[in-house]
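Residues per chain are reported as follows:
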Amino acid sequence: LAALRGSLGALCWSLAPLSLSLSLPGWRDSAPRPEREREGEDAPPTPTSVNYHFTRQCNYKCGFCFHTAKTSFVLPLEEAKRGLAMLKEAGMEKINFSGGEPFLQDRGEFVGKLVQFCKQELELPSVSIVSNGSLIRKQWFEKYGEYLDILAISCDSFDEDVNILIGRRQGKKNHVENLHKLRQWCREHAVAFKINSVINRFNVEEDMNDQIKALNPVRWKVFQCLLIEGENSGEDALREAEKFVISDEDFDRFLDRHKDVSCLVPESNQKMRDSYLILDEYMRFLNCRNGRKEPSKSILDVGVEAAIKFSGFDEKMFLRRGGKYVWSKADMKLDW
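I will try to describe carefully the structure that is included in this document. Everything numeric here is computed off the predicted structure, so don't read it as measured data. (Residues numbered from 1 in each chain as written. Predicted model: local features only at pLDDT ≥ 70, side-chain atom pairs only at ≥ 80, totals over all residues. Heavy atoms only, no water.)

## Concerning a negative patch on the surface
Phase 1 of the analysis: A contiguous patch of negative charge, built from Glu 229, Glu 235, Glu 240 and Glu 242, is present on the exposed surface.
Phase 2 of the analysis: By the secondary structure assignment, Glu 235 is in the loop between strand 6 (219-224) and helix 8 (248-257). (Patch = residues over 30% accessible without salt bridge, like charges linked within 9 Å, V, L, I, M, F, W, Y side chains within 5 Å. Areas by Shrake-Rupley, 256 points an atom, 1.4 Å probe, with all protein chains shown as cover. Salt bridge = Lys/Arg side-chain N within 4 Å of Asp/Glu carboxyl O. Lys, Arg positive; Asp, Glu negative; His and termini not counted. Charge placed at Lys NZ, Arg CZ, Asp CG, Glu CD. Helix = DSSP H or I, 4+ residues; strand = E, 2+ residues; numbered from the N terminus.)

See the structure below:
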């Protein structure tokens, strides 16, 4: 009977171009079904843009941080590459490396090798990094700059006293002065420069128009301070961000004050919570829908499709907030 089923199965495959089908009790066609046959099914979202927080360690102590140093774990480089290759196979077009502080691991060599791998081997259209910028050296740009599309530097204030209040400071280094230096290095090495700002109680009244226009980033991402249970809020949290929280009305007033900044990209708490695909240091997707980070199983163990079903990712919200944009520096018309 088994032999007969095998023979009939082979016959079905040979007749497939003629759209003939044969169904036998106990025999299942294991071939992928055409897209039209899967219409109406709940297909998992495509990991078009992924934020990989490969480390939680950081040299800053920002009071509102919502991805805190709860572990010191970092995947071995080859395992990280394996996971990234799996994501590319599943449809990833953009990877963003974040932390913690990504340049803390091996003095930037770890993230540099990942950037080079994603651009050179995986040929991803966009590779980006979010950093506080304090540990980046010019030599890093000389070695890895050609593989990086976008460098986003976190800057919440152009007043150093406010940066100190927030915790965005290490030693005597001036965060704002360093920001201008990094802007110049990005220009010299053809890396698109971006600024991320978290709007909170200490900077909500600040006017940043002149400084942002002078730096001229490709994008200025403006986030509303967000509480995440177990990270910056609650009993088991490493931060207490409640004192940084602002109302929706406060956030809207800040946005209105900067409405003439052409590169402004505002993101409220509601937009942030469901529209980012976040991968933690174990390569687990983090579901933030319930106000805390609930991890899936690692893609290294169960695959991307199985893990992403538990990510809480809203693909429609991702597109609605403008998550997909011109993100490859090859397509940007920039005056380097």
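## Topic: helix 8
Phase 1 of the analysis: Along helix 8, the positions that sit buried rather than exposed are Phe 251, Phe 254 and Leu 255. Buried residues in helix 8, looked at end-on, bunch into an arc of 100°, giving them a common side.
Phase 2 of the analysis: Of the surrounding secondary structure, the elements contacted by the buried residues of helix 8 are strand 5 (192-199), strand 6 and strand 7 (264-267). (Buried < 20%, exposed > 50% of the residue type's maximum accessible area, 1.4 Å probe, protein only. Arc of directions from axis to C-beta. Contact = heavy atoms within 4.5 Å.)

## What about the side chain of Asn 51?
Phase 1 of the analysis: By the secondary structure assignment, Asn 51 is in strand 1 (residues 49-53).
Phase 2 of the analysis: Among the residues examined, Asn 51 registers a relative accessible area of 11% and is labelled buried.
Phase 3 of the analysis: Reaching out from Asn 51, the side chain makes a polar contact with the side chain of Asn 96 at a distance of 3.0 Å. (Polar contact = N/O pair within 3.5 Å; in protein donor to acceptor, adjacent residues only side chain to side chain.)

## Considering the pairing of strand 7
The side chains of a regular strand alternate, residue by residue, between the two faces of the sheet.
Phase 1 of the analysis: Two elements, strand 6 and strand 7, share 4 bridges in a ladder whose sense is parallel. Residue pairing for strand 7: Val 222 is matched across the bridge by Pro 266. (Pairing = 2+ DSSP bridges.)

## Examining the pattern of salt bridges
Phase 1 of the analysis: In the structure shown here, the tally under the stated rule is 17 salt bridges.
Phase 2 of the analysis: Two residues, Glu 109 and Lys 143, come together in a salt bridge whose shortest N-O distance is 3.0 Å. Here Glu 109 is found in helix 3 (residues 109-121), whereas its partner Lys 143 is found in helix 4 (residues 138-144), with 34 residues between them in sequence.
Phase 3 of the analysis: Between Arg 253 and Glu 205 there is a salt bridge; the shortest N-O distance is 3.3 Å. One end of the pair, Arg 253, is in helix 8; the other, Glu 205, is in the loop between strand 5 and helix 7 (209-215), with 48 residues separating them in the sequence.
Phase 4 of the analysis: On the basis of relative accessible area, Arg 253 is assigned to the partly exposed category, the value being 39%.
Phase 5 of the analysis: Glu 205 sits in the exposed class, given a relative accessible area of 53%.
Phase 6 of the analysis: Each of Glu 205, Asp 250, Arg 253 and Arg 257 takes part in a single network of salt bridges with overlapping partners.

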